[in-house]
Amino acid sequence: MGILNDLEEIVVKVKAATTAFGEKAGQYVDISKLKFKLIELKSDLKSEFENLGKITYENSKNDVEDSSNITVCVAQIDNLKLQIEELERQMAAMKNKVICHACRSQNEIGAVYCTKCGEKISDVIETTEASSAEDDFLDFEE
Ligand SMILES: [Zn+2]
C-alpha cells in the first residue's frame, strides 16, 4: 500500500514536472501536504456532522426551540465543504484533471463533458487553448 502510494506520488510529480512548465517549481512537491490537509478537513467535517447530530438529538429530546447552535454548525460544515472542494480542485489540477461540478469525478483537462455523468465541464483551463493552438500549428506543418 505504502509502495503503491509512493509510486503514484512519483508519477504525479513526473507528470507535473513535464507538463506544467510555467508553474512554480514548489507546486508539485506540495501535493502530499495537500493530501494531509484533505484528510484533516474530512475528519473535521465528520466530527462536525456528529456534533450536528448530537445537537439535533439533544434539542429534540429536551424539546428545545433554539436552533442557533445548529446554524453555527451548518455554517461550519458549509465552510469545511468549500475548503475540501477547493483542495480537491487544486489536487486534480496538479494531476492535469478537472473535477466535474455535478458528480465530483475527475476528468481530463480539456474534456467538454463529464465522462461519468455527461454534465458540461465549465472549469476550462487556459492550457486547453495552448494545446489546441499547438495542434493547429502541427496541422499547418503537414
Ligand atoms: Zn460528472
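Visitor: What am I meant to see in the coordination of the zinc ion here?
Guide: Put simply, the ideal angle at a metal is 109.5 degrees for four donors in tetrahedral geometry and 90 or 180 degrees for six donors in octahedral geometry. Those protein atoms acting as donors to the zinc ion are Cys 100 (SG), Cys 103 (SG), Cys 114 (SG) and Cys 117 (SG), and they sit at 2.3 to 2.4 Å. Around the zinc ion, the 4 donor atoms sit at angles spanning 105 to 113°, and that spread fits a shape best called tetrahedral. Between the donor residues of the zinc ion, the gaps in sequence give the motif C-x2-C-x10-C-x2-C. Here Cys 103 is found in the loop between strand S1 (97-99) and strand S2 (106-108), whereas its partner Cys 117 is found in the loop between S2 and helix H4 (126-141), with 14 residues between them in sequence. Cys 117 gets classed as partly exposed once you look at its relative accessible area, which sits at 39%.

Visitor: Please clarify how the pattern of salt bridges should be interpreted in this entry.
Guide: Opposite charge on two side chains permits them to pair, given that their charged atoms come into close proximity. Applying the stated rule across the entire model yields 5 salt bridges. When the shortest N-O distance is used, the salt bridge between Arg 89 and Glu 86 registers 3.0 Å. With a gap of 3 residues between them, Arg 89 and Glu 86 both fall in helix H3 (residues 68-94), about one helical turn apart. By relative accessible area, which is 34% here, Arg 89 ends up partly exposed. Ionic pairing is found between Lys 97 and Glu 108, a salt bridge with its closest N-O pair at 2.7 Å. Remark: Glu 108 occurs in strand S2 and Lys 97 occurs in strand S1; sequence separation between them is 11 residues. Looking at Lys 97, the relative accessible area reads 22%, which means it is partly exposed. A single salt-bridge network, built from bridges that share partners, covers Lys 42, Glu 88 and Arg 104.

How each quantity is defined
Residues numbered from 1 in each chain as written. Predicted model: local features only at pLDDT ≥ 70, side-chain atom pairs only at ≥ 80, totals over all residues. Heavy atoms only, no water. Donors = N, O, S within 2.8 Å, 3.2 Å for Na, K, Ca; no water. Tetrahedral: all angles 85-135°; square planar, octahedral: opposite > 155°, others 65-115°. Helix = DSSP H or I, 4+ residues; strand = E, 2+ residues; numbered from the N terminus. Buried < 20%, exposed > 50% of the residue type's maximum accessible area, 1.4 Å probe, protein only. Salt bridge = Lys/Arg side-chain N within 4 Å of Asp/Glu carboxyl O.

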